[in-house]
Amino acid sequence: MSDPQSAQRSSDPNSYSDHWFTTFLTDLDPQQTARDVEFLQRRLPLPSFRRVLDLCCGTGRHANPLTEGGYSVVALDRLFRALDVMANTVAGRVQRVQADMRALPIRDASLDAAICMWQSFGQFAPAVNRAVLVDVHRVLRPGGRFILDVYDRSFHERLPRRRVLERRGQRIVEERRLEGARLFVRLTYDAVDASTTDEFEWELYTRESLTSLGATVGLTLLAACADFDDRHALGLRLVGRVVARVVGLRAAGGLHGRVRPQLRRSRGRTGGRLGLG
């Protein structure tokens, strides 16, 4: 029987503390960001995929260079702090939106592509995760693409339950457990009071489970690879460090959809929603 508290947590978004923010979102490796962006540019070539939604954009690690590269980016995050940092770097060139990924304030079929990076997808209950994909599909034009950066379930099944990380000169203890396809992670920071912890959870996917999920909503898997390396586009084996799998789905017009594939378009009113012109 599942833990009632776990079930309740899975209905709410992961909350990121200020300490997590400063530990993991500052001084990110610029070479890794460059590799990420090069991959995105290959998979979303201009001019066909110019209008892009960066879902759960954080501080703009991908939105900023994509904008510099000629894309028209809507950067959406529920954390004002993250969007405020972005404002200091791109000064109005990115359309910033503070909103929840479960209710996108964007017009139907107004985007060429969407991206959701760094395991920002899967934090809710399965039905809610699917609803997020449905909404992403709604905002994509027919033939639009959705790139997901998610943890590989089979890889994480082999990881130890406890390990020690080093970030910015501090020691962080990571404790994890798997309950079926759901990963629970607890971080304890040695540099602060022992009661200061972060707890997160995500639904984990395999290539097969994502493909099946897409099939139920009319979305087609285009490609899947590891560590943003196209040479591993079919094998789906994660290499080296703990990295996320990148999955691309194509939106098929007139179908209920999810990741990168398209979902059926809503015929309802779209008043009050943002749109790229």
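Calculation notes
As a convention, each chain's residues are numbered from 1 in the sequence order in which they are written. Local features in this predicted model are restricted to residues whose pLDDT is 70 or higher, and side-chain atom pairs enter the listing and the counts only when it is 80 or higher, whereas totals over whole chains, interfaces and linings include all residues. The basis for every side-chain value is the complete set of heavy atoms in the structure, and neither hydrogens nor water enter the calculation. Under the DSSP-based scheme used, a helix requires at least four consecutive residues in state H or I and a strand at least two consecutive residues in state E, with every element numbered from the N terminus. In this scheme, a residue with accessible area under 20% of its type's maximum is buried, one over 50% is exposed, and one in between is partly exposed, where area comes from a 1.4 Å probe on protein chains only. Contacts between residues were defined by any pair of non-hydrogen atoms, one from each residue, lying within 4.5 Å. Using a 1.4 Å probe, the Shrake-Rupley method yields the accessible areas, and only the shown protein chains count as cover for residues. The term nonpolar core refers to a set of buried residues drawn from Ala, Val, Leu, Ile, Met, Phe, Trp, Tyr and Cys, joined through side-chain atoms within 4.5 Å. Pairing between strands is defined by DSSP: at least two bridges between them are needed. Fitting a line to C-alpha atoms yields each axis, with helices limited to the stretch in contact; the angle taken between N-to-C directions then spans 0 to 180 degrees. Whether two aromatic rings pair depends on their centres lying within 6.5 Å, for rings of Phe, Tyr and Trp, where Trp uses its six-membered ring; planes under 30 degrees apart make the pair stacked, over 60 edge-to-face, and the rest tilted. Multiplying one less than the number of residues by 1.5 Å gives the expected span of a helix. The arc in question is the one spanned by the directions pointing from the helix axis to the C-beta atoms. By the criterion applied in these results, polar contacts are pairs of N or O atoms within 3.5 Å in which, for protein atoms, one can donate a hydrogen and the other can accept it, and in which residues neighboring in sequence qualify only through two side-chain atoms. Any Lys or Arg side-chain nitrogen located within 4 Å of an Asp or Glu carboxyl oxygen qualifies as a salt bridge.

Caption draft 1: Inspection of the overall build of the protein chain at higher detail. Within the protein chain, the secondary structure is distributed over 8 helices and 11 strands. Counting over 277 residues, the protein chain shows a buried share of 49%. Taking all contacts inside the protein chain whose residues are at least 6 apart in sequence as the whole, residues at least 24 apart take part in 66%. When the accessible area of the protein chain is evaluated, it comes to approximately 12800 Å², of which 50% is carbon and sulfur surface.

Caption draft 2: Representation of the nonpolar core within the structure. In terms of nonpolar packing, the biggest core is built from 25 residues, with Leu53, Leu55, Phe121, Val136 and Phe146 touching the most fellow members. If you list the elements that add at least two residues to this core, you get strand E1 (51-55), strand E2 (72-77), strand E4 (111-116), helix H6 (126-139), strand E5 (140-151) and helix H8 (207-217). The residues contacting Leu53, other than those within four sequence positions of it, are Val74, Leu76, Leu104, Ile106, Leu111, Ala113, Ala114, Ile115 and Val139. Counting 21 residues, the second-largest nonpolar core is a separate cluster that includes Leu40, Leu83, Ile115 and Phe228.

Caption draft 3: Up close: the sheet that holds strand E7 (residues 170-179). The 4 strands are arranged E6-E7-E8-E9 in an open sheet whose pairing can be described as antiparallel. Two strands in the sheet have a free side with no partner beyond their single neighbour: strand E6 (162-167) and strand E9 (197-203). For this sheet, the mean angle separating the axes of adjacent strands, direction not counted, is 25°. One ladder, built from 7 bridges, connects strand E8 (residues 182-189) with E9; its direction is antiparallel.

Caption draft 4: A look at the packing of aromatic side chains. The full count for this structure, using the stated rule, is 5 aromatic pairs. Ring plane angle 85° and centroid distance 5.4 Å describe the contact between Tyr151 and Trp202, whose orientation is recorded as edge-to-face. Here the residue Tyr151 occupies a position in strand E5, and Trp202 occupies one in strand E9, the gap between them amounting to 51 residues. What makes Tyr151 buried here is its relative accessible area of 17%. Relative accessible area serves as the criterion here: at 7%, Trp202 is assigned to the buried category.

Caption draft 5: Structural context of helix H3 (residues 30-43). In this model H3 runs 20 Å from its N-terminal to its C-terminal C-alpha over 14 residues, within 8% of the 20 Å that 1.5 Å per residue would give. Those residues of H3 lying buried are Gln32, Thr33, Asp36, Val37, Phe39 and Leu40. Summarising the axial view, the buried residues of H3 lie within an arc of 155°, below the 170-degree limit, and thus occupy one face. Residues of H3 that are exposed and point over 90 degrees away from its buried face: Pro30 and Gln31. Looking at where H3 begins, the residue whose side-chain oxygen comes 2.9 Å from the main-chain nitrogen of Gln31 is Asp29.

Caption draft 6: Region of interest: unusual backbone geometry. The omega torsion across Leu46 and Pro47 is 5°, close enough to zero to call that bond cis. Looking at the element boundaries, Pro47 is found in the loop between H3 and E1. Even without a glycine there, the phi angle at Trp118 is positive, about 55°. Tracing the backbone shows Trp118 in the loop between E4 and H6. Despite not being glycine, Gln119 shows a phi value in the positive range, around 50°. Within the secondary structure, Gln119 sits in the loop between E4 and H6.

Caption draft 7: Geometry of the pattern of salt bridges. Counting across every chain of the model gives 16 salt bridges. Where Arg61 meets Asp36, a salt bridge forms, and the shortest distance between an N and an O atom there is 3.1 Å. Pair noted here: Arg61 is in the loop between E1 and helix H4 (63-68) and Asp36 is in helix H3, with a separation of 25 residues, a long-range link. For the pair formed by Arg61 and Asp36, the shared burial category is buried. Among the ionic pairs, Arg141 bridges to Asp112, the shortest N-O distance being 2.7 Å. You can see Arg141 sitting in strand E5 and its partner Asp112 sitting in strand E4, a full 29 residues away along the chain. Taken together, the shared-partner salt bridges connect Arg51, Asp112 and Arg141 into one network.

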